[in-house]
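Spelled out from the first residue to the last, the chains are:
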Amino acid sequence: MSRDPLLKERWEILSGKLSEQFAEGAPLELDAIIYLIGVQELGQVHRNFKKDEKINLMHIAICRLLEPYGYYEFDHFDSEGWPHYTLVEALPTLKAGEQSVLMKEAIVSYFTEKSYLE
């Protein structure tokens, strides 16, 4: 991310804003932000989730975040309102740092699209 100063700046603004809103200023890690996106996408924000549901929420978020890149496609909502995605194209093999940059880029785009980040 150091090669893209604009992305770095936008990520810092976004993560700071989310940390203030959801963690009383304590910095939120990437996984926590992905989890928040999963909850947002499910739309059931005022309930407690079991461990396996939390993993599924993160999967929903990753699918939603990578959908604009052509890796996933929304398929349907099940009877409980959970979104399901289909893998369209296999994810490329990326190093950990490259994965992090891709996810941060996708998250910044997601929150820009939702008008949370200008």
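It should be noted that the structure appears before, not after, this text.
Can you tell me about the packing of aromatic side chains, naming the residues and giving the values?
Tallied over the full model, the rule gives five aromatic pairs. Centroid distance Phe74 to Phe77: 4.9 Å. Interplanar angle 55 degrees. Geometry classified as tilted. You can call Phe74 partly exposed: its relative accessible area is 32%. With a centroid separation of 5.2 Å and an interplanar angle of 90 degrees, the aromatic rings of Tyr110 and Phe111 are classed as edge-to-face. Among the residues examined, Phe111 registers a relative accessible area of 10% and is labelled buried. In textbook terms, an aromatic cluster arises when at least three aromatic residues are bridged by ring pairs, as seen for Phe74, Phe77 and Tyr85.

Describe in detail helix α3 (residues 51-66), supporting the description with residues and values.
For α3, which comprises 16 residues, the first-to-last C-alpha distance of 23 Å matches the rise-based estimate of 22 Å (1.5 Å per residue) to within 8%. Among all positions in α3, only Glu53, Leu57, Ile60, Ala61, Cys63, Arg64, Leu65 and Leu66 are buried. In this structure, the buried side of α3 is in contact with α2 (30-42), β1 (72-77), β2 (83-87) and α4 (96-113).

How would you sum up the nonpolar core? Please name residues and give values.
The biggest cluster of nonpolar side chains holds 25 residues, and the ones touching the most others in it are Leu14, Ile33, Ile37, Leu65, Ile107 and Phe111. Within the residue set of this core, elements represented by two or more residues are α1 (5-23), α2, α3 and α4. Counting residues per element, this core draws most heavily on α4, at seven residues. Excluding residues that lie within four positions of it along the chain, Ile33 makes contacts with Trp11, Ser15, Leu18, Leu28, Ile107 and Phe111. With six residues, the next largest nonpolar core counts Leu42, Phe49, Leu57 and Trp82 among its residues.

Could you give an account of the pattern of salt bridges, with specific residues and numbers?
Inspection of the entire model under this criterion finds five salt bridges. When the shortest N-O distance is used, the salt bridge between Lys114 and Glu41 registers 4.0 Å. Taken together, the positions of Lys114 in the segment after α4 and Glu41 in helix α2 put the pair 73 residues apart, joining distant regions of the chain. Lys114 sits in the partly exposed class, given a relative accessible area of 40%. The residue Glu113 makes a salt bridge to Arg64 at a minimum N-O spacing of 2.6 Å. Of this pair, Glu113 sits in helix α4 while Arg64 is found in helix α3, placing the two residues 49 residues apart along the sequence. For Arg64, a relative accessible area of 10% gives the class buried. It is possible to trace a salt-bridge network through shared partners that takes in Glu41, Arg64, Glu113 and Lys114.

Parameters at a glance
Residues numbered from 1 in each chain as written. Predicted model: local features only at pLDDT ≥ 70, side-chain atom pairs only at ≥ 80, totals over all residues. Heavy atoms only, no water. Phe/Tyr/Trp six-rings, centres within 6.5 Å; stacked < 30°, edge-to-face > 60°. Buried < 20%, exposed > 50% of the residue type's maximum accessible area, 1.4 Å probe, protein only. Helix = DSSP H or I, 4+ residues; strand = E, 2+ residues; numbered from the N terminus. Expected span 1.5 Å × (residues − 1). Contact = heavy atoms within 4.5 Å. Core = buried A, V, L, I, M, F, W, Y, C linked by side-chain atoms within 4.5 Å. Salt bridge = Lys/Arg side-chain N within 4 Å of Asp/Glu carboxyl O.

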